[in-house]
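Residue strings, one per chain:
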Amino acid sequence: MSVPDLPGVLSADDIRATVASIAAEQEESGAIPWYAGGQLDPWDHVEAAMALDVGGEPARAEAAYDWLRRTQRADGSWASRYEKGVVADATAETNHAAYLAVGCWHHFLCTGDEGFLARMWPAVREALDFVTAHQGAGGEIWWAAGDEVALLTGSSSIHQALRCAVAIADLVGEPQPDWELAADLLAQAIRQRPGAFADKGRFSMDWYYPVLGGAVRGVAARSRIEQRWDEFVVPGRGARCVADRPWVTGAETCELALALDTVGDREAAAELVAAMQHLREPDGSYWTGLVLTDGVRWPVERTTWTAAAVVLAVDALHAAHPRSEIFRTPGIAGEVAANRSR
């Protein structure tokens, strides 16, 4: 399985180094914290596992998914934050639970291992049943159990997860038409009912995630990106995390690049990945962000999820493997299944 590169920006060896920096933080249990001794959340844990697969570390990725399988709670959820293997925040977030499906589908696209999907299927089923149980009448999905507030970024990520979960269900022979309906209703809410979601418009993720998660595509997606481009993008530096703060962050920059790739603007996507390389360290790890006004790295941490976002963006732009399609066409089972051994 080839390791991707981005000519003129990052070589395959650079990507291997970044993946090695993630692997170095993985604990014996399979857990992947933000950094050594730091916190872990299930969503970022999955993103890091996906990067391990791209970098040729499928056994490590599988260990990460097995950690989730072992720690899943009876209702299908996980705690929103763990510290040193102990629950630090018990909140059951829906987008955290949903992202397991994206990671498992990605691992299958990388390895073609149907046995892995069969083993993970009960966890995926319980996680997505938990998620869809928290869908409102208008299609939006509450951000957490016990709190009927919907967040646009989280719901957009869940849309991608539902599409991947439907593909997994079909492959293991247990179709879930209710999940497909839930995804359709959620996409409709994202496109047509912006008032159904809490106002978090100052955050760049609410700007690009409806595109990244697949609910908004085509002309509407391009228009959405263009509308706030100048507000969030700092030429030569990356994307702001928050519109009204002089702070660019690596993960948001690379996720925006992934969103651009879904609408075919690969040149702009590559420029963004190149622009955020000022956050890279010689060992391949990445700082989370930079304060533009004084050049201070903030937070003062090199996070596995920032490194993972770089790897996934490069892989999407490299576009040489079925796994590279997971953001462009999430959950498309037929032709990728036929080519899964590539």
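Residues numbered from 1 in each chain as written. Predicted model: local features only at pLDDT ≥ 70, side-chain atom pairs only at ≥ 80, totals over all residues. Heavy atoms only, no water.

**Some thoughts on the packing of helix α8 (residues 204-212) against helix α11 (residues 250-262)**
With their axes 9 Å apart at the nearest point, α8 and α11 run at an angle of 35° to one another. As α8 packs across α11, the resulting crossing turns out to be left-handed. Between α8 and α11, the residues in contact are Ser 204, Met 205, Trp 207, Tyr 208, Tyr 209, Val 211 and Leu 212 and Glu 252, Glu 255, Leu 256, Leu 258, Ala 259 and Thr 262, respectively. Class assignment for the residues of the contact of α8 with α11 results in nine nonpolar, two polar and two charged. (Axes fitted to C-alpha atoms, helices over the stretch in contact; angles between N-to-C directions. Helix = DSSP H or I, 4+ residues; strand = E, 2+ residues; numbered from the N terminus. Left-handed = near helix turned anticlockwise from the far one by under 90°. Contact = heavy atoms within 4.5 Å. Nonpolar A, V, L, I, M, F, W, Y, C, P; charged D, E, K, R; others polar.)

**Comments concerning the pairing of strand β5 (residues 147-150)**
Within a regular strand, side chains alternate between the sheet's two faces. The pairing of strand β4 (residues 142-144) with β5 spans two bridges and is classified as antiparallel. Residue pairing across strands places Trp 142 opposite Ala 150, the latter belonging to β5. (Pairing = 2+ DSSP bridges.)

**So, the side chain of Thr 306**
Considering the arrangement of structural elements, one finds Thr 306 in helix α13 (residues 304-318). By relative accessible area, Thr 306 is classed as buried at 0%. Only 2.6 Å separates the side chain of Thr 306 from the side chain of Thr 303, close enough to count as a polar contact. Excluding residues within four positions of it along the chain, Thr 306 makes contact with Gly 250, Ala 251, Tyr 286, Trp 287 and Thr 288. (Buried < 20%, exposed > 50% of the residue type's maximum accessible area, 1.4 Å probe, protein only. Polar contact = N/O pair within 3.5 Å; in protein donor to acceptor, adjacent residues only side chain to side chain.)

**Some words on a nonpolar patch on the surface**
On the surface, Val 296, Trp 298 and Val 300 cluster together into a nonpolar patch covering about 320 Å² of accessible area. By the secondary structure assignment, Trp 298 is in the loop between β10 (296-297) and α13. For Trp 298, a relative accessible area of 45% translates into the label partly exposed. (Patch = residues over 30% accessible without salt bridge, like charges linked within 9 Å, V, L, I, M, F, W, Y side chains within 5 Å. Areas by Shrake-Rupley, 256 points an atom, 1.4 Å probe, with all protein chains shown as cover. Salt bridge = Lys/Arg side-chain N within 4 Å of Asp/Glu carboxyl O.)

**A closer look at the packing of helix α2 (residues 42-54) against α13**
Contact geometry of α2 with α13 gives a least axis separation of 8 Å together with a crossing angle of 45°. Here α2 lies oblique to α13, going by the angle between them. Between α2 and α13 the crossing geometry is left-handed. Here α2 contributes Asp 44, Glu 47, Ala 48, Met 50, Ala 51 and Val 54 to the contact with α13, which in turn contributes Thr 304, Trp 305, Ala 308, Ala 309, Val 311, Leu 312 and Asp 315. (Parallel < 35°, antiparallel > 145°, perpendicular 65-115°, else oblique.)

**Structural notes on the confidence of the model for the chain**
The predicted model of the chain averages 96 in pLDDT, with 96% of residues at 70 or higher. With pLDDT under 50 throughout, residues 333-342 is counted as low confidence; its partners more than four residues away or in other chains account for 15 contacts. (pLDDT = per-residue confidence, 0-100.)

**Topic: the layout of surface pockets**
Its volume calculated, the largest pocket comes out at about 910 Å³. Forming the walls of the largest pocket are 30 residues, and the residues nearest its centre are Asp 44, Asn 95, Thr 153, Met 205 and Glu 252. When contributions to the lining of the largest pocket are tallied by element, the ones reaching two or more residues are α2, α4 (94-111), α6 (152-171), α8, β8 (247-249) and α11. Counting residues per element, the lining of the largest pocket draws most heavily on α6, which supplies four residues. Of the residues that constitute the lining of the largest pocket, the class distribution is 12 nonpolar, nine polar and nine charged. The volume enclosed by the second largest pocket comes to roughly 330 Å³. As for the second largest pocket, its lining consists of 17 residues, of which Leu 152, Pro 194, Asp 206, Pro 210 and Arg 224 are closest to the centre. Broken down by secondary-structure element, the contributors of at least two residues to the lining of the second largest pocket are α7 (177-192), α8 and α9 (218-227). Across the lining of the second largest pocket, the residue classes tally to nine nonpolar, two polar and six charged. (1 Å grid on protein atoms, 1.4 Å probe; cavity = no way out; pocket = protein on both sides within 12 Å on 5 of 7 lines; lining within 4 Å. Points joined across faces, edges and corners; volume = space filled by probe spheres on them.)

**Brief notes about the sheet that holds strand β1 (residues 39-40)**
As summarised here, the arrangement of the three strands in space is β1-β2-β3, forming an open sheet in which the pairing is antiparallel. Each edge of the sheet is formed by a strand with only one pairing partner; in this case those strands are β1 and β3 (86-89). Bridge count for β1 against strand β2 (residues 81-83) is two bridges, and the pairing is antiparallel. Across the sheet, Gln 39 pairs through a bridge with Glu 83, a residue of β2.

**Focus: α6**
An ideal rise of 1.5 Å per residue puts 28 Å on 20 residues; α6 measures up with 29 Å between its terminal C-alpha atoms. Where burial is concerned, most of α6 is hidden: 17 out of the 20 residues are buried. Once α6 ends, the next one or two residues include Gly 173, with phi positive near 80°. (Expected span 1.5 Å × (residues − 1).)

**Considering unusual backbone geometry**
That bond from Trp 298 to Pro 299 is cis: its omega, -10°, falls within 30 degrees of zero. Checked against the element boundaries, Pro 299 lands in the loop between β10 and α13. Although it is not a glycine, Lys 84 adopts a positive phi angle of roughly 55°. A positive phi is found at Ala 319, a non-glycine position, where the angle reads about 55°. Within the secondary structure layout, Ala 319 lies in the loop between α13 and α14 (334-338). You can call Ala 319 partly exposed: its relative accessible area is 41%.

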